[in-house]
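Commentary on secondary and tertiary structure
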Amino acid sequence: MSALNDLDVDFSAEVAKALTCLHDWSVENPNESEALMAGSFVFGWYAMPDCLRSSGTRFVAKSAMLAALAAYYHHLGVTKDDVLDASAEVKDLWVRQLGHLHPAAQVAIAASGTVAVLKLNSVVERFILNRGERRKRAGKRLPHVRQGLALGLLAGGCTYVAARKF
């Protein structure tokens, strides 16, 4: 039994060492780290139907992924003040661009924009899922994983380019 305990201790130490190295790398390479996070997140999100059949299980897994994404941005040091500063910038932009309009018109624009973005998101998500399901019915192997890989690479690449420019 002691050999098994020693194996567990050694394994735990190796995991801690690997996670420490990953943390150090992500601090030293923030652009690459963010691109890797975005790409792997998108890949996992869209490849999931091939791995988890139950929609309830996928809901739990996607919730865990969102929590991990929040933890990653907390790890980067995004603070409440950063969020408040960004909100103030958006508010200033809104006032400069639309401040001359009547408040009811501003509310209508904001509501219309929100509805349009949510509808577009819903349509795109449904299209991607249905495309994978059609490919699965056609006999393609791991159709969701394949499109998840392509979308993950695209998201990671775009995130890397955007992070380097800004």
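Residues numbered from 1 in each chain as written. Predicted model: local features only at pLDDT ≥ 70, side-chain atom pairs only at ≥ 80, totals over all residues. Heavy atoms only, no water.

Moving on to the overall build of the chain. Within the chain, the secondary structure is distributed over six helices and zero strands. Walking the chain from its N terminus toward its C terminus, one meets helices and strands in the order α-α-α-α-α-α. Computed over the C-alpha atoms, the radius of gyration of the chain is 21 Å, more than 25% above the 15 Å expected from 2.2 N^0.38 for a compact globule of 166 residues. Along the longest, intermediate and shortest principal axes, the C-alpha atoms of the chain span 75 × 45 × 30 Å. Burial analysis of the chain (166 residues in total) assigns 18% to the buried set. Relative to all contacts within the chain whose residues are 6 or more apart in sequence, the contacts with residues 24 or more apart total 59%. For the chain, the exposed surface amounts to about 12,100 Å²; the carbon and sulfur share of it is 67%. Mean positive and mean negative side-chain charge positions of the chain (19 and 16 charges, respectively) differ by 19 Å. (Helix = DSSP H or I, 4+ residues; strand = E, 2+ residues; numbered from the N terminus. Rg over C-alpha atoms; globule rule 2.2 N^0.38 Å. Buried < 20%, exposed > 50% of the residue type's maximum accessible area, 1.4 Å probe, protein only. Contact = heavy atoms within 4.5 Å. Areas by Shrake-Rupley, 256 points an atom, 1.4 Å probe, with all protein chains shown as cover. Lys, Arg positive; Asp, Glu negative; His and termini not counted. Charge placed at Lys NZ, Arg CZ, Asp CG, Glu CD.)

Our focus in this paragraph is the side chain of Thr-159. Relative to the helices and strands, Thr-159 is located in helix α6 (residues 143-165). A distance of 2.7 Å separates the side chain of Thr-159 from the backbone oxygen of Ala-155, its partner in a polar contact. (Polar contact = N/O pair within 3.5 Å; in protein donor to acceptor, adjacent residues only side chain to side chain.)

So, about the packing of helix α5 (residues 103-137) against α6. The interhelical angle for the contact between α5 and α6, taken along N-to-C directions, is 135°, at an axis separation of 8 Å. Comparing their axes, α6 and α5 come out oblique. Together, Ile-128, Leu-129, Arg-131, Gly-132, Glu-133, Arg-135 and Lys-136 of α5 and Pro-143, His-144, Arg-146, Gln-147 and Leu-151 of α6 make up the contact between the two elements. Looking at the contact of α5 with α6 residue by residue, the class counts come to four nonpolar, three polar and five charged. (Axes fitted to C-alpha atoms, helices over the stretch in contact; angles between N-to-C directions. Parallel < 35°, antiparallel > 145°, perpendicular 65-115°, else oblique. Nonpolar A, V, L, I, M, F, W, Y, C, P; charged D, E, K, R; others polar.)

Counting eight residues, the largest nonpolar core consists of Phe-41, Val-42, Trp-45, Tyr-46, Met-48, Met-65, Ile-128 and Ala-155. Ranked by the residues each element gives to this core, the list is headed by helix α2 (residues 30-51), at five residues. (Core = buried A, V, L, I, M, F, W, Y, C linked by side-chain atoms within 4.5 Å.)

Here we take up the environment of Gly-56. Relative to the helices and strands, Gly-56 resides in helix α3 (residues 55-75). On a C-alpha basis, the gap between Gly-56 and Gly-44 in space is 16 Å, while along the polypeptide they are twelve residues apart.

Our focus in this paragraph is the packing of aromatic side chains. Considering all chains together, one arrives at two aromatic pairs under this definition. Ring plane angle 75° and centroid distance 5.1 Å describe the contact between Tyr-72 and Tyr-73, whose orientation is recorded as edge-to-face. Look at Tyr-73 and you get partly exposed, because its relative accessible area is 30%. (Phe/Tyr/Trp six-rings, centres within 6.5 Å; stacked < 30°, edge-to-face > 60°.)

Bringing the pattern of salt bridges into the picture now. All told, the structure shown has one salt bridge when counted by the stated rule. Its salt-bridge partner being Asp-50, residue Lys-136 comes within 3.9 Å of it at the nearest N-O pair. Taken together, the residues Lys-136 in helix α5 and Asp-50 in helix α2 connect sequence positions 86 residues apart. By relative accessible area, Lys-136 is classed as partly exposed at 30%. For Asp-50, a relative accessible area of 11% gives the class buried. (Salt bridge = Lys/Arg side-chain N within 4 Å of Asp/Glu carboxyl O.)

Confidence along the chain averages 89 in pLDDT terms, with 94% of residues attaining 70 or more. Per-element averaging of pLDDT across the chain places helix α1 (residues 2-28) at the bottom with 75 and α5 at the top with 95. (pLDDT = per-residue confidence, 0-100.)

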